[in-house]
Amino acid sequence: MARTRVRTARLASLVALSAALPLLAGCGEDKPASGTDTKGAGDRPVVVATTTWEGAFAKAAGAEDVTVIVPQSVHHAPDYDPKPSDLAAVAKADFVLYAPFEPYAAKIKEAAGSKAKLVEVNLDNDPAKAGAEVERLGGLFGTKDTASRWKSRLDAEVTKLNGELKAAWPDGKSPTVVSQVFTAWAAGLAGATPVGAYGPEPVTPAQLASLSAKKAAFVLDNAHMSTGTVLPDSGAKQVTIVNYPGEDLDLLAVYRNAAAELKKAMSGS
């Protein structure tokens, strides 16, 4: 997502904090599972996820013991300063899930002395990509059947929501939209017609002129990287899309919530 900088002092403090922690390292397995769940109820992987987004992917894939480091209230995860308790959780993990825009994840693992497998997650709510990523994680966790069942639920939910949103199209026509690069999935969910994109950097004057000329009906803004009104005076209605799940780690709720916001916008309310 956004380009980030990690301060040397912050990383040094993580290493210092680790000195007081017992090095209770878990062992993550790097073997893909077979076509069925290979782990029993008492042998489920211990997963630490940097945010609720990775945590939701882990839960969907079949992980039952999931600890999230960054509180949901922190919209920009790379700005979070991990606590000693976070490092203690990592030290006991089998897997540590992170995204590439969270550069401190590897340092957290190193500081905690963990032998967990560090897994980079492709955080994209595009249904096809999300389903594939959940199944990949299920293969790593030994919970492939659980992941496949969740993917079936996702496919059914997306089909249902897409039908409801198409029924709500203004004048029965696919609305034109401009999307922030990480909300394009919501345009697809609505069956909307994309006419432009922006971000993750703020819109420049040149982009503003170009995007305004597209005469989009809606702008799908990213709640976690918002820079305010994107296309002022263009007549486009701005809709805020939330990518991160709540503390219940229910990824399907993200699709339902986005659909509710889109329906509300299309109805003019």
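Rules used throughout
Residues numbered from 1 in each chain as written. Predicted model: local features only at pLDDT ≥ 70, side-chain atom pairs only at ≥ 80, totals over all residues. Heavy atoms only, no water. Helix = DSSP H or I, 4+ residues; strand = E, 2+ residues; numbered from the N terminus. Buried < 20%, exposed > 50% of the residue type's maximum accessible area, 1.4 Å probe, protein only. Arc of directions from axis to C-beta. Pairing = 2+ DSSP bridges. Axes fitted to C-alpha atoms, helices over the stretch in contact; angles between N-to-C directions. Contact = heavy atoms within 4.5 Å. Core = buried A, V, L, I, M, F, W, Y, C linked by side-chain atoms within 4.5 Å. Parallel < 35°, antiparallel > 145°, perpendicular 65-115°, else oblique. Left-handed = near helix turned anticlockwise from the far one by under 90°. Nonpolar A, V, L, I, M, F, W, Y, C, P; charged D, E, K, R; others polar. Expected span 1.5 Å × (residues − 1).

Q: When you look at the side chain of glutamate 102 in this model, what are you seeing that I'm missing?
A: Along the chain, glutamate 102 falls in the loop between strand 3 (95-98) and helix 4 (105-112). Of the residues examined, glutamate 102 reaches a relative accessible area of 1% and is grouped as buried.

Q: Mind showing me how you'd approach helix 4 here?
A: Spacing of three or four residues puts side chains on the same side of an α-helix, whose turn is 3.6 residues. Within helix 4 the residues assigned to the buried category are Ala105, Ile108, Ala111 and Ala112. Projection of helix 4 onto a plane perpendicular to its axis shows the buried side chains occupying an angular sector of 125°, all on one side. Glycine 113 sits one or two residues past helix 4 and shows a positive phi near 70°.

Q: I would appreciate a short explanation of the sheet that holds strand 4 (residues 117-120) in the present structure.
A: Across a sheet, strands are paired by hydrogen bonds formed along the backbone, either parallel or antiparallel in direction. One open sheet accounts for four strands, arranged 2-1-3-4; its pairing is parallel. Each having just a single partner strand, strand 2 (65-68) and strand 4 make up the two edges of the open sheet. Direction aside, neighbouring strands of the sheet carry axes that sit 25° apart on average. As defined by bridge partners, strand 1 (residues 46-49) adjoins strand 3 across three bridges and the pair is classed as parallel.

Q: How do you make sense of the sheet that holds strand 5 (residues 176-180) when you look at a structure like this?
A: Taken in spatial order, the four strands make up an open sheet running 6-5-7-8, and their pairing is parallel. Because the sheet does not close on itself, it has two edges, and the strands there are strand 6 (193-198) and strand 8 (237-241). Along the sheet, successive strands turn relative to each other by an average axial angle of 25°, direction set aside. Relative to strand 7 (residues 218-222), strand 5 is paired through three bridges, and the arrangement is parallel. Across the sheet, the residue bridging to valine 178 is valine 219, located in strand 7. On top of the sheet, helix 9 (residues 251-267) reaches strand 7 and strand 8; it is set at about 170° to strand 8, its chief contact.

Q: How do you make sense of the nonpolar core when you look at a structure like this?
A: Nonpolar side chains in soluble globular proteins generally cluster together in the buried interior. In this structure, Phe57, Leu97 and Phe141 are the most contacted members of the largest nonpolar core, which totals 50 residues. Broken down by element, the residue count for this core peaks at nine residues, all from helix 9. Beyond its immediate sequence surroundings of up to four residues, phenylalanine 57 is in contact with Val121, Asn122, Leu123, Asp124, Asn125, Ala130, Glu133, Val134, Leu137 and Leu251. Counting 14 residues, the second largest nonpolar core, distinct from the first, contains Val70, Tyr80, Val96 and Ala116.

Q: What's the story with the environment of serine 152 in this structure? I'm lost.
A: Examined against the element boundaries, serine 152 turns out to sit in helix 6 (residues 144-167). The exposure class assigned to serine 152 is partly exposed, which follows from its relative accessible area of 48%. For the pair serine 152 and glycine 131, spaced 21 residues apart in sequence, the C-alpha separation works out to 8.6 Å.

Q: Please clarify how the packing of helix 5 (residues 127-141) against helix 6 should be interpreted in this entry.
A: Each pair of packed helices can be summarised by the angle the axes make with each other and by the distance between the axes. Two elements in contact, helix 5 and helix 6, have axes separated by 8 Å at closest approach and are oriented at 170°. What the angle tells us is that helix 5 and helix 6 run roughly antiparallel. Remark: the crossing between helix 5 and helix 6 carries right-handed chirality. Only Lys144, Ala147, Ser148, Trp150, Lys151, Leu154 and Val158 of helix 6 make contact with helix 5, whose side of the interface consists of Pro127, Ala130, Gly131, Val134, Glu135 and Gly138. Of the residues assigned to the contact of helix 5 with helix 6, the class counts are seven nonpolar, three polar and three charged.

Q: I would appreciate a short explanation of unusual backbone geometry in the present structure.
A: Of the consecutive residues glycine 199 and proline 200, the connecting peptide bond is found in the cis state with omega at 5°. Counting through the fold element by element, proline 200 comes out in the loop between strand 6 and helix 8 (205-212). Even without glycine at this site, aspartate 171 takes up a positive phi of about 60°. Of note, aspartate 171 is situated in the loop between helix 6 and strand 5. One non-glycine residue with positive phi stands out, namely lysine 215, at about 55°. Turning to its location among the elements, lysine 215 is positioned in the loop between helix 8 and strand 7.

Q: Please clarify how helix 6 should be interpreted in this entry.
A: The terminal C-alpha atoms of helix 6 lie 35 Å apart, and with 24 residues this matches the ideal 34 Å at 1.5 Å per residue to within 8%. Of the positions making up helix 6, those classed as buried are Ala147, Trp150, Leu154, Glu157, Val158, Leu161, Asn162 and Leu165. Along its buried surface, helix 6 packs onto helix 2 (52-61), helix 5, helix 7 (184-190) and helix 9.

Q: What am I meant to see in the environment of proline 45 here?
A: Structurally, proline 45 is set in the loop between helix 1 (8-18) and strand 1. When the C-alpha atoms of proline 45 and phenylalanine 95 are compared, they prove to be 7.4 Å apart, with 50 residues separating the residues in sequence.

Keep in mind these values describe shape, not function.
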